[in-house]
Amino acid sequence: MSQALDDRSESIRMIRDSAGAVAPRGGDTKRVRAQRFVAPGFSREVFAEMASLGWIGLAVPEAAGGAGLGMSEAVALTEVLGAGLVPEPLIPAMLSARLLAASDDKALLDSGKVVLTAWQEKADSIAAPGTGDAPRVFIPYAGGADVFLLPVREGNRIALVSLDATGADVVLEKTMDGGFVGTLRADLSRASRIADDIGAVLEHALDEAALATAGQMLGLMEKAFELTLGYLKTRQQFGRIIGTFQSLQHRAADLKIHIALTRAAVETAAAVLDDGATGAVRQAAVSKAKHRATESGMFVLRQCIQLHGGIGYTDEYDVGLYLRRGMVIMNQYGSAALHRRRFMALAPEDVE
Amino acid sequence: MAVSIAPKEATDLNAMEDEAFRTHVRTWIEANYPAELRNPPKRLHWEENKPWYFQLAEKGWLCPGWPRQFGGLGLSPAKQIIFTEEIERHGCARTNDHGIVMVGPLLINHGTDAQQQEFLPKILNGEHVWCQGYSEPNAGSDLAALRTEAVLDGDEYVVNGQKIWTTLASDANWCFLLVRTDKNAKKQEGISFLLVDMATPGITVKPIINLEYHDEFCEVFFDNVRVPAKNLVGTPNRGWDMAKALLSFERIYLGSPRLSAYAFTRLRQLAERMGVWEEATFQDTYGRLRLDLEDLKSLYGTFVDKLRRGETLGADVSMLKVFQTELFQRITDTMLEIAGENAGLLEPMEGNRNLNPTGQYIQARPATIYGGSNEIQRNILSKNVLGLPG
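Residues numbered from 1 in each chain as written. Chains lettered and ligands numbered in written order. Predicted model: local features only at pLDDT ≥ 70, side-chain atom pairs only at ≥ 80, totals over all residues.

**Considerations on the overall build of chain B**
The following threshold applies: Secondary structure elements are taken from DSSP: a helix is a run of H or I of four residues or more, a strand is a run of E of two residues or more, and numbering for both begins at the N terminus. The globule rule is 2.2 Å times the number of residues to the power 0.38, and the radius of gyration it is compared with is taken over C-alpha atoms. Here a residue counts as buried when 20 or more other C-beta atoms fall within 10 Å of its C-beta, as exposed when 12 or fewer do, and as partly exposed in between; the C-beta atoms come from the backbone. Contact between two residues is assigned whenever their backbone-derived C-beta positions fall within 7 Å.
Of regular secondary structure, chain B possesses eleven helices and eight strands. Taken against the 2.2 N^0.38 rule, which gives 21 Å for 390 residues, the C-alpha radius of gyration of chain B at 22 Å falls within 12% of a compact globule. Here chain B holds 390 residues, and the buried ones make up 42% of them. In chain B, the share of contacts with a sequence separation of at least 24, taken over all contacts with a separation of at least 6, comes to 74%.

Right under this line is the structure:
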C-alpha cells in the first residue's frame, strides 16, 4: 500500500499543482464570495476549465475516455479545491462521469455539459433505491445542470436514464455557503434510457464520491487551521501574542492531531481503493475515512471560529467560509453516524 | 572498528521476503514463548521475564536493531517493524530491556572500544540488567533541570543526588545515569552520561508502590558514590544531546496502537459478560472507539512507512503518543462505566485475567504521564510543529 502511494507521488504532485489553476494559491476568496447566491451558484467558465483539465473523468479508465488516474489523485485534487472553497460541483460531476463511462452515451462524457446525477431520495443516505416516481432531493447546484441522470429500478436491476434539464421541474433551496441544492420531480416519459444495469457502478461511484468529499473536508480543515495559526501568531491581547498562551497552544496541538488522523484515514482509504479492493473492504475503508473527516472536520472548523473570537463570527472574515462549507458537505454521501453504522456492520472484528 | 562480537543468528534474515520473515518470526515465537506469560496484567520483574530474555538471547534475536558486528541481528527498519509487530501481536511481556534499547545504541554510537567490549556482550548474555537514571524529584517534565551531580576526583567521579521513577531499579545491577558535571553552564549543556555499577557503596534503592499496588518504579539515592571516570560515555557535558537522540525510539514505541488495541478486545469481552453488548448506547460508544483505534492504526502506519523508507521521525511523532494514550484511557473509562460494582474490585473479575477492567484502568493512568507527559507533548507540537511562539 505504501509502495503504491510512493509510486503515485509524482501524479499526486502534478494534480495538486494543476489545481492551482482554479483554486488561487494565496487563498484569495474574492471569486468565491462574489459567486455566493448568484445562480446557479458556480461559474460555468471555471467548470469548463475543470473539464478541459481532465478532472471530471479523472478516475475513469483511459479506455473509457477518462484520465485513468485513481482515488489517491482524486482526494489530492478535492483537498486542494476544498481548501480553495471552489464551489463548482466537481464531485457530483465525477460521479456522473463514472456512470456515463459505463453507459451507451459516452459522448456525453466529453460534451462539456454539466451532468448531475439525481440519485438521492432521502436525507442522509448513500444508497440509491431508484424509485421511479420518487422526487430526487439534495442535488448540489441543480440549477446549473444541463442534463440529469436518474437511476431507475427495474426488478433486480437499476437502469440509468438521462433527462434534459431544460424544462425539468426543479425546486431550489439556498445553502449556508451561498450555493443551492435542488429537488427534481422528473417526467420520465421525456427521459432516454442509456444503461440497463448500472447498480454496481453506481454503488462504487457513490463510495468514491464519499471519499472525495472526505478529501474536500480535509482541505477545509487544513486551510481554516492555517488561517487560525496565523491569527494565533499575530493577534495581541494583554500585551502578548495570544499564541504564547499555553491553553491555546494545546488546543492548536489537538487540532493538528485531528487533521493528521483525517489525512491518514483519507489517504489510506484512497490507497485501498486504488489497490482494487472490492465489497466490504472498500466500503469499510470509505466509511472510516468519511466518518473521520466529518467528525474531526467539524470539530476543527468549530474550534477555528472559537480561537478567532468575535471576528471569527463575522461574515467579512474568511474563517467562517470554511465552517459554512463544512456544514453543507458534512452529511453529503452519508453522515458520520451513517458511516459509523456502516463500518461497524461491515468491518470484521479482530478480537483474538 | 576494533570491536567485533559474533552474532548468534547465522542466517541473514534481511535477505528473506517480508512475509516469509513474518511467518518465520511468528512460528518461532509461538513455539517458544512461555504461554503463562502472554499479556501479563502487570509489568513483570526480571525473575519472571528472564526465561524469555534468555530464550531470545540464545536464539540471537535479543537485539534486532543492533548491527551484526556487535552481536545484533542488524535488521533493516522494515524488518524491525515486522519483528516488533509479531512480538506485540503475541502479547509477549516486555523484558528488562533498557540495555537492549538504550545502553546498546548509546554505546554503539558514542562508546569507546573498551566500553563496547566490556558492556555489550553482558547485555547480550543477560549478565547485566540495566535501569535508566533520568528523572529526579524536581526534574520530571523539566528533565534538563536535573541536579544529581558528579564531581571528578582523580580518576573517579563522585556522585551525589537522587533519581526517581527509575523503572525496575530493584532488578538492575547497572544503571545509566544522567548527571550534572558543570553547574555553571546552561542547564542543557552541563549534563553527562555515566555508567554505574549498582553494587557500588553509597547506592540505596527504594521501591515505590504505585496505584496498581505494584513496585515497578523506584527511588535511587546516591551518597558519595565513586564511579570510574572511564565509565563516562561520549563527551563530558554533552549528555543531553545523546539522551534526546535515544528518546526518539521511545516516542514511536509509546504511539504504537498495541495498548489500545489490547484493551479494546477486552472491552468487548467485558461488555458481553456484563450483558450490555447489544445495547444501542454501548454499541455507539464502541463504534466510536473502534474507529478511533482504526484511524490511530492508519496514522501510526504513516510514521512506520517513514521509518521503512529510512527517514528519521520529526517532532510530529508526538501526535501519536497523545492520541494513543488518551484513547487507551477512554477505552478503559468505558470499561469501568459498564462494569457495575466490579469497577471497584482489586483483582480481575471471576479469576479471569481477560476480565480485568480495574487493572486496565489503573494501568492507563500513567500512560499520559510517562515518556514526556501529554502536556509536554502538546508543548512540543505547538512549538516545534506549529511554530507557535514561546
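**Side note on the sheet that holds strand 5 (residues 169–174) of chain A**
Residues and elements named next belong to chain A. As a reminder, the rule being used: Strand pairing requires that DSSP identify at least two bridges connecting the strands. To get an axis, a line is fitted to the C-alpha atoms, and for a helix only the part in contact is used. The angle between two axes follows their N-to-C directions and goes from 0 to 180 degrees.
Strand order in the open sheet formed by three strands is 2-6-5, with antiparallel pairing between adjacent strands. Looking at strand neighbours, the two that pair on one side only are strand 2 (136–140) and strand 5, the edges of this open sheet. Mean inter-strand twist for the sheet, computed between neighbouring axes without regard to direction, equals 30°. Across three bridges, strand 2 lies against strand 6 (residues 180–185) in antiparallel orientation. Residue pairing in the sheet places Ile139 in a bridge with Gly182 of strand 6.

**A closer look at the packing of helix 6 (residues 199–234) of chain A against helix 7 (residues 246–274) of chain A**
Residue and element names in this part refer to chain A. Note the following rule: Put simply, angles under 35 degrees are roughly parallel, angles over 145 are roughly antiparallel, angles from 65 to 115 are roughly perpendicular, and the rest are oblique. Two helices crossing with the near one rotated counterclockwise from the far one by less than a right angle form a left-handed crossing, whereas a clockwise rotation gives a right-handed crossing. Put simply, Ala, Val, Leu, Ile, Met, Phe, Trp, Tyr, Cys and Pro go in the nonpolar bin, Asp, Glu, Lys and Arg in the charged bin, and everything else, Gly too, in the polar bin.
Direction vectors running N to C along helix 6 and helix 7 enclose 155°, while the axes themselves pass 10 Å from each other. One finds that helix 6 runs roughly antiparallel with respect to helix 7. Of the two possible hands of crossing, helix 6 and helix 7 adopt the one that is left-handed. Contacts between helix 6 and helix 7 involve Leu211, Ala214, Gly215, Leu218, Met221, Glu222, Phe225, Leu229 and Leu232 on the former and, on the latter, Leu248, Ala252, Leu255, Ile259, Thr262, Arg263, Val266, Ala269, Ala270 and Leu273. Counted by class, the contact of helix 6 with helix 7 contains 15 nonpolar, two polar and two charged residues.

**Quick word on helix 4 (residues 98–110) of chain B**
Worth spelling out the cut-off: We define the bend at any residue as the angle between the axes fitted to the seven residues before and including it, ending there, and the seven starting there.
Most pronounced at Gly104(B), the bend in helix 4 of chain B amounts to some 30°, and the proline Pro105(B) follows within four residues. Among all positions of helix 4 of chain B, only His98(B), Gly99(B), Ile100(B), Met102(B), Val103(B), Gly104(B), Pro105(B), Leu106(B) and Leu107(B) are buried.

**Regarding the nonpolar core**
Selection criterion: To form a nonpolar core, buried Ala, Val, Leu, Ile, Met, Phe, Trp, Tyr and Cys residues must be joined through C-beta atoms within 7 Å.
Core analysis: the largest hydrophobic core is formed by 149 residues, its most contacted members being Met94(A), Phe148(A), Leu211(A), Ala224(A) and Ala269(A). Apart from the residues lying within four places of it in its own chain, the contact partners of Leu211(A) are Met71(A), Val75(A), Ala269(A), Ala270(A), Leu273(A), Val286(A), Ala289(A) and Lys290(A). With 62 residues, the next largest nonpolar core counts Trp61(B), Leu146(B), Phe176(B) and Leu232(B) among its residues.

**Side note on the interface of chain A and chain B**
Between chain A and chain B, the contact holds 26 residues from the first and 26 residues from the second. Of all the elements, helix 7 of chain A adds the most residues to the side of chain A that touches chain B, at eleven residues. Partitioning the side of chain A that touches chain B into residue classes produces 13 nonpolar, seven polar and six charged.

**What to know about the sheet that holds strand 3 (residues 147–154) of chain A**
Residue and element names in this part refer to chain A. Spatial ordering of the open sheet is given by 1-3-4-7, a layout of four strands whose pairing is mixed. Of all the strands in the sheet, the pair left with one neighbour each is strand 1 (115–117) and strand 7 (192–195). Each strand of the sheet is rotated relative to its neighbour by a mean of 35°, with strand direction disregarded. The pairing of strand 4 (residues 157–164) with strand 7 spans three bridges and is antiparallel. Residue pairing for strand 7: Ser162 is matched across the bridge by Ser192.

**Describing helix 9 (residues 318–338) of chain B**
The condition is simple: To estimate how far a helix should reach, multiply one less than its number of residues by 1.5 Å.
A rise of 1.5 Å per residue sets the reference length of helix 9 of chain B, with its 21 residues, at 30 Å; its end C-alpha atoms lie 31 Å apart and thus fit the reference within 8%. Gly340(B), located one to two residues past helix 9 of chain B, shows a positive phi value of around 60°.

**Here's the deal with the environment of Ala35(B)**
Here Ala35(B) is to be found in the loop between helix 1 (18–32) and helix 2 (46–59). Sequence spacing of Ala35(B) and Leu289(B) is 254 residues, and the spatial spacing of their C-alpha atoms is 29 Å.

**A few points about the packing of helix 10 (residues 336–346) of chain A against helix 8 (residues 280–308) of chain B**
Packing of helix 10 of chain A against helix 8 of chain B leaves a shortest axis separation of 10 Å and a crossing angle of 80°. Taken together, the axes of helix 10 of chain A and helix 8 of chain B lie roughly perpendicular to each other. Judged by residue contacts, Arg340(A), Phe343(A) and Met344(A) of helix 10 of chain A engage Gly287(B), Arg288(B), Arg290(B) and Leu291(B) from helix 8 of chain B. Residue composition of the contact of helix 10 of chain A with helix 8 of chain B, by class: three nonpolar, one polar and three charged.

**Observations regarding the environment of Asp295(B)**
Assignment of secondary structure puts Asp295(B) in helix 8. Judged by local crowding, Asp295(B) falls into the buried class, with 26 C-beta atoms found within 10 Å. In this structure the C-alpha to C-alpha distance between Asp295(B) and Pro257(B), which are 38 residues apart in sequence, comes to 10.0 Å. Discounting residues that sit within four places of it in the chain, Asp295(B) has contacts with Leu261(A), Ala264(A), Ala265(A), Lys288(A) and Arg292(A).

These results come straight from atomic positions and should not be treated as a statement about function.
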